[in-house]
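Inside the fold
Residue-level listing of the chains:
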Amino acid sequence: MAETDRQLTQRLEQVIMDLLERRAATASICPSDAARAAYEGDDGGWRALMEPARRAAWRLVAAGEVEVTRAGRPVARTEARGPLRIRRAGR
């Protein structure tokens, strides 16, 4: 059975939280870390999960769970350009 967009987003949200849980409280991850961890193949197919991983991160931002940062500072979704990182909220 094919995974729905909602199921994929929920799975990526869980992957993001799991990755952050395994790191120091002040550590961050790249959205590509989540895409790679969620991808079930061993080729470059994880790249197709990059946009869904970003969407999952923004849902977690809305829930107050994480912050999306650029150069170590939180950014709003409308200002998110260039290399981004994800970290636990309130760091």
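Please refer to the structure placed before this passage.
Throughout what follows, the structure given in this document is the object of discussion. (Residues numbered from 1 in each chain as written. Predicted model: local features only at pLDDT ≥ 70, side-chain atom pairs only at ≥ 80, totals over all residues. Heavy atoms only, no water.)

**Quick notes on the pattern of salt bridges**
This structure, assessed with the given rule, holds 4 salt bridges. Linking Glu3 and Arg11 is a salt bridge whose minimum nitrogen-to-oxygen distance equals 2.8 Å. Assessed through its relative accessible area of 25%, Arg11 is described here as partly exposed. In this structure, Glu13 engages Arg59 in a salt bridge whose closest nitrogen and oxygen atoms are separated by 2.5 Å. With Glu13 in helix H1 (residues 5-21) and Arg59 in helix H3 (residues 50-62), the pair connects residues that are 46 residues apart, well separated along the chain. (Salt bridge = Lys/Arg side-chain N within 4 Å of Asp/Glu carboxyl O. Buried < 20%, exposed > 50% of the residue type's maximum accessible area, 1.4 Å probe, protein only. Helix = DSSP H or I, 4+ residues; strand = E, 2+ residues; numbered from the N terminus.)

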